[in-house]
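Take a look at the letters that make up each chain.
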Amino acid sequence: AAPPPEESAEARALAAIFDDSKICEVCQSKLGARWQSACLDKWEMWKNAATGAIGKEILGVVRTLDAPHLLATGIHERMVGGN
């Protein structure tokens, strides 16, 4: 079994997604105007929060939705790896 996700790793992965201009370009091309309101505006509110708080929020969403594919580490890995 895979090890349980860690809050700090998830927070770092989410920050890495928003710090990567190529990933952001792909996201904007897929989401159009929603990229700004659904993603960038929300990241602006969260980006200076404590790493633990960001990671806890990510893991809470993943648990609530039963959606492990939404882990930031996995999204980042897929975006960088192109899968």
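Structure: see above.
Not measured: the values here are computed from a predicted model.

S.K.: Looking at this model, I keep getting lost on helix α3 (residues 34–46). Mind explaining?
M.R.: The α-helix winds at 3.6 residues per turn, so residues separated by three or four positions along the chain end up facing the same way. Helix length check: α3, at 13 residues, gives a terminal C-alpha distance of 17 Å against a target of 18 Å (1.5 Å per residue), a fit within 8%. Where α3 bends most, the angle comes to about 25°, and this point is Leu 40. Along α3, the residues that are buried comprise Trp 35, Cys 39 and Trp 43. Where α3 is buried, its residues contact α1 (7–19), α2 (21–31) and α4 (51–65).

S.K.: Mind showing me how you'd approach the pattern of salt bridges here?
M.R.: Where side chains of opposite charge bring their charged atoms close, a pairing between them can arise. Within this structure, the stated rule accounts for 1 salt bridge. In this structure, the salt-bridge partner of Glu 44 is Lys 47, at a minimum N-O distance of 3.2 Å. Of the residues examined, Glu 44 reaches a relative accessible area of 49% and is grouped as partly exposed.

S.K.: Honestly, the packing of α1 against α3 in this entry has me stumped. Any pointers?
M.R.: Think of two packed helices as two axes; the pair is described by the angle between the axes and how far apart they sit. With their axes 11 Å apart at the nearest point, α1 and α3 run at an angle of 125° to one another. When the axis of α1 is compared with that of α3, the two are oblique. Both α1 and α3 take part in a crossing whose hand is left-handed. Across the interface between the two elements, Leu 14, Ala 15 and Phe 18 from α1 touch Trp 35, Cys 39, Leu 40 and Trp 43 from α3. For the contact of α1 with α3, the class distribution of residues is 7 nonpolar, no polar and no charged.

S.K.: What am I meant to see in unusual backbone geometry here?
M.R.: Residues other than glycine predominantly adopt negative phi, and peptide bonds predominantly adopt the trans conformation. A positive phi angle, close to 50°, is found at Asp 66, a residue other than glycine. Locating Asp 66 in the fold gives a position in the loop between α4 and α5 (72–81). The exposed category is assigned to Asp 66, whose relative accessible area is 66%.

S.K.: I would appreciate a short explanation of the packing of aromatic side chains in the present structure.
M.R.: The geometry of an aromatic ring pair is captured by the separation of the ring centres together with the interplanar angle, meaning the angle of the planes. Inspection of every chain in the model, using the stated rule, returns 2 aromatic pairs. Centre to centre, the rings of Phe 18 and Trp 35 are 5.6 Å apart; their planes meet at 15°, and the pair counts as stacked. In this pair, Phe 18 is assigned in helix α1 and Trp 35 in helix α3, connecting sequence segments 17 residues apart. There is no split in this pair, since Phe 18 and Trp 35 are both buried. Judged by centre distance (5.0 Å) and plane angle (5°), the rings of Phe 18 and Trp 43 are stacked. Taken together, the positions of Phe 18 in helix α1 and Trp 43 in helix α3 put the pair 25 residues apart, joining distant regions of the chain. Its relative accessible area of 12% is what places Trp 43 among the buried residues. Joined through ring pairs, the aromatic side chains of Phe 18, Trp 35 and Trp 43 make up one cluster.

Definitions and cut-offs
- Numbers given to residues run from 1 along each chain, matching the order in which its sequence is written.
- Selection of residues for local features in this predicted model requires a pLDDT of at least 70, selection of side-chain atom pairs for listing and counting requires 80 or more, and totals for whole chains, interfaces and linings are taken over all residues.
- As a rule here, side-chain values come from all non-hydrogen atoms in the structure, and water together with hydrogens is ignored.
- Comment: elements are numbered from the N terminus, with helices defined as DSSP H or I runs of at least four residues and strands as E runs of at least two.
- Each helix should span, by expectation, one fewer than its residue count multiplied by 1.5 Å.
- One fitted axis covers the seven residues ending at a residue, a second covers the seven starting there, and the bend at that residue is the angle between these axes.
- Residue exposure (1.4 Å probe, protein chains only): buried if accessible area is under 20% of the type maximum, exposed if over 50%, otherwise partly exposed.
- In this description, contact between two residues means that some pair of their heavy atoms is separated by no more than 4.5 Å.
- Salt bridge criterion: a side-chain nitrogen from Lys or Arg within 4 Å of a carboxyl oxygen from Asp or Glu.
- To obtain an axis, a line is fitted to C-alpha atoms, over the contacting stretch when the element is a helix, and the angle between two such axes runs from 0 to 180 degrees between their N-to-C directions.
- Every angle not falling under 35 degrees, over 145, or within 65 to 115 is termed oblique; those three ranges are roughly parallel, roughly antiparallel and roughly perpendicular.
- Crossing handedness is defined as follows: a turn of the near helix away from the far one that is anticlockwise and smaller than a right angle gives a left-handed crossing, while the clockwise case is right-handed.
- Gly falls in the polar group here, along with every residue not listed as nonpolar (Ala, Val, Leu, Ile, Met, Phe, Trp, Tyr, Cys, Pro) or charged (Asp, Glu, Lys, Arg).
- Centres within 6.5 Å make a pair out of two Phe, Tyr or Trp rings, where for Trp the six-membered ring is used; the pair is then stacked when the planes are under 30 degrees apart, edge-to-face when over 60, and tilted otherwise.

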